[in-house]
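# Per-entry structural report
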Amino acid sequence: MNFETVIGLEVHVQLLTKSKMFCSCSTEYSDAPPNTFVCPVCLALPGTLPVINQQAVEYTIMTALALHCHIPGYTKFDRKNYPYPDLMKGYQISQYDAPLGQRGWLDIEANDQRKRIGITRVHLEEDVAKLLHRTSVNGESYSLVDVNRSGVPLMEIVGEPDLRSPEEARQYLMKLRSIVRYLRVSMANMEEGSFRCDANISIRPENSTECLPRAEVKNMNSFRAVYRALEYEARRQRKVATEGKRLVQETRGWVEKTGKTVSMRSKEYAHDYRYLPEPDLPPLIISQERVNDIESRLPELPGTKRDRFIAEYRLSTYDASLLTSSREMADYFEACLKTEEIKQLPQGKRAKEIGNWLLGEASRIMNAKNVDISEFSRHVGPSQLGELIVCSHNTINTATAKAVLEEMFDTGKRANDIINQRGLSQISDAGAIDAEVTRVIASNHQAVADYKAGKAQSIKFLVGQVMKATRGRANPQVVTELLKQKLEGE
Amino acid sequence: MEVSRQEVLHIARLARLGLTKTEVTKLSGELSIILKNFELLQQVETTNIPPTAQSIALQNVTRSDQASASLTPNEVLANAPRKEGGFFRVRAVLDNT
């Protein structure tokens, strides 16, 4: 029997506020010693009262709007009860039946087709404490609690089960991360835990509307892990169903080392949250004016920006997608396009050239040095890159330009200074190149004989020799032409 | 509606309460009476009354996003029955990984 895979994702995003969700403890806990950003509120001491962080509400509305959600006029917080020592209060303040964002959508690109994925809800809650599991010397196991993370604003984005493959799930996650980063509401880093994903996955027999019991998969700490875990789970469920065995609804954890998911004894996690309206927090009434105001301040989002880049700069869909995948990269691109330096190139060439350099050599340097575009920009600003691009058209060849860019990144010097100091500008004197070509022909009998015997490849070796002798300053096309003329003219 | 012994035990488990047999019997009776009272309340005509989640007439109580000093680690751990290296130490939590 053929099965279809059905996936819905729940994403938790830590918001980039200065203080926690319900108290004024700092959120900069990542490198801090345990229990150093903790106060009576996040410690849940008796008699304390939570107060809602306005900025967290604003960030959540921004995200909900970017995901085309309806923002209700009335919203409130609720208590979600569960006994686990990562919660100081014994309950988590979350939102149950009146979330901040409702019924939205997000478009993804799947198999070169745009596909719309429903967003069920976007709500605001608080992060929980971190637990470390230990075993003492006499074999007793115990846990250690660090409350620093507890109370950090956490936004949950619940997607509809509209995804049909691990690849679609990956696309959806990347798009979502790109959006929250554009909005600058989160660092959205999966490895660091500021962007987390749980997946509901099930299969259904083709032509059926009924899914078999689903699994909720947890513990996936990278995009790759999500993709691999879903691939594994889709395969596992098909195998179980095909063998005529029964699937059970359960929570399964992804184990990176073995590349498998394992059952997490779902009975221990009986979902009996006994939600109740949070009596300590009055409801939030959100006026249409406020929603309109927030909407008017939203930045241009990745999808819109990509479409504009294609239309305005005549870039390919592929290049435009890559250039707009981060807001900083897109800003750098447009800043470079506006520099005086780049205006020395014909208008029709500018965007394509900048795109090529950013996605090519600049990206290679960023990957090699493990820096992002913001860091790259501190070494090589848009006007410096513009200057280099113009140089690569006039005074130096492409290979040299790449080396110059690397030196610019390392030293912070300008392209023209490096080129002048190191004497790198292309030899425009035809006589000087001519002399080198003659010398190389005279001293490489074998390669010359090979070429004349019909081995066309040999010319590359000879070009290489001339380039070496001129320290890369000759124009390789000119050299090739000169060599051909001389060899064939003899 | 009667609250069964089984339901009492389930609720007690969720609240991490250990109950004796006598307590279960007692609570089963008491919780049943509380529920009956709510059943009585349900007879009140509420068609035109909007549901409320709050009994105080406040709304939009928020604070601006400013961080301020937290407690010192010593203060945080002052009342902890067990601590270790700046952490609270608790009984083993089921490790699922």
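Residues numbered from 1 in each chain as written. Chains lettered and ligands numbered in written order. Predicted model: local features only at pLDDT ≥ 70, side-chain atom pairs only at ≥ 80, totals over all residues. Heavy atoms only, no water.

## What to know about the packing of helix 7 (residues 327–337) of chain A against helix 8 (residues 347–369) of chain A
Residues and elements named next belong to chain A.
- Two elements in contact, helix 7 and helix 8, have axes separated by 10 Å at closest approach and are oriented at 130°. Here helix 7 is positioned oblique relative to helix 8, judged by the angle of their axes. Read as a crossing pair, helix 7 and helix 8 show a hand that is right-handed. Side by side, helix 7 and helix 8 meet where M329, Y332, F333, C336 and L337 of the first sit next to R350, A351, I354, G355, L358, S363 and M366 of the second.
- Here the contact of helix 7 with helix 8 is composed, by residue class, of nine nonpolar, two polar and one charged. (Axes fitted to C-alpha atoms, helices over the stretch in contact; angles between N-to-C directions. Helix = DSSP H or I, 4+ residues; strand = E, 2+ residues; numbered from the N terminus. Parallel < 35°, antiparallel > 145°, perpendicular 65-115°, else oblique. Left-handed = near helix turned anticlockwise from the far one by under 90°. Contact = heavy atoms within 4.5 Å. Nonpolar A, V, L, I, M, F, W, Y, C, P; charged D, E, K, R; others polar.)

## Quick look at the pattern of salt bridges
Residues and elements named next belong to chain A.
- The full count for this structure, using the stated rule, is 47 salt bridges over all chains.
- With a shortest N-O distance of 2.8 Å, E168 and K115 are connected by a salt bridge. You can see E168 sitting in helix 2 (residues 166–182) and its partner K115 sitting in strand 7 (residues 113–126), a full 53 residues away along the chain.
- The buried category is assigned to E168, whose relative accessible area is 10%.
- The exposure class of K115 is partly exposed, given its relative accessible area of 23%.
- The closest approach of N and O atoms between K486 and D434, which form a salt bridge, is 3.3 Å. Of this pair, K486 sits in helix 16 (residues 476–489) while D434 sits in helix 13 (residues 430–443), and the two are 52 residues apart along the sequence. (Salt bridge = Lys/Arg side-chain N within 4 Å of Asp/Glu carboxyl O. Buried < 20%, exposed > 50% of the residue type's maximum accessible area, 1.4 Å probe, protein only.)

## Thoughts on the domain arrangement of chain A
All names here are of chain A.
- For chain A, the assigned domains read domain 1 (3–293), domain 2 (302–421) and domain 3 (430–489).
- Here domain 1 and domain 2 have C-alpha centroids that lie 37 Å from each other.
- With six residues of domain 1 at the interface, the matching set in domain 2 holds 11 residues.
- Between domain 1 and domain 2, roughly 760 Å² of surface is buried when both sides are summed, and carbon and sulfur atoms account for 41% of that area.
- Area buried by domain 1 at its contact with domain 2 is led by R114, Y182 and R184, which between them contribute 72% of it.
- Applying the counting rule to domain 1 against domain 2 returns three salt bridges.
- R114 is paired through a salt bridge with D307; the nearest N and O atoms lie 3.5 Å apart.
- Counting across the domain 1 and domain 2 interface gives five residue pairs in polar contact (both at pLDDT 80 or more). (Domains from an automatic or database assignment. Buried area = accessible area lost by both parts, 1.4 Å probe. Polar contact = N/O pair within 3.5 Å; in protein donor to acceptor, adjacent residues only side chain to side chain.)

## Some words on the pairing of strand 8 (residues 130–135) of chain A
All names here are of chain A.
- By the bridge criterion, six bridges tie strand 8 to strand 9 (residues 141–146) in an arrangement that is antiparallel. Following the sheet pairing, T135 is matched in strand 9 by S141.
- The hairpin formed by strand 8 and strand 9 contains five residues between the paired strands, and G139 there has a positive phi angle of roughly 85°. (Pairing = 2+ DSSP bridges.)

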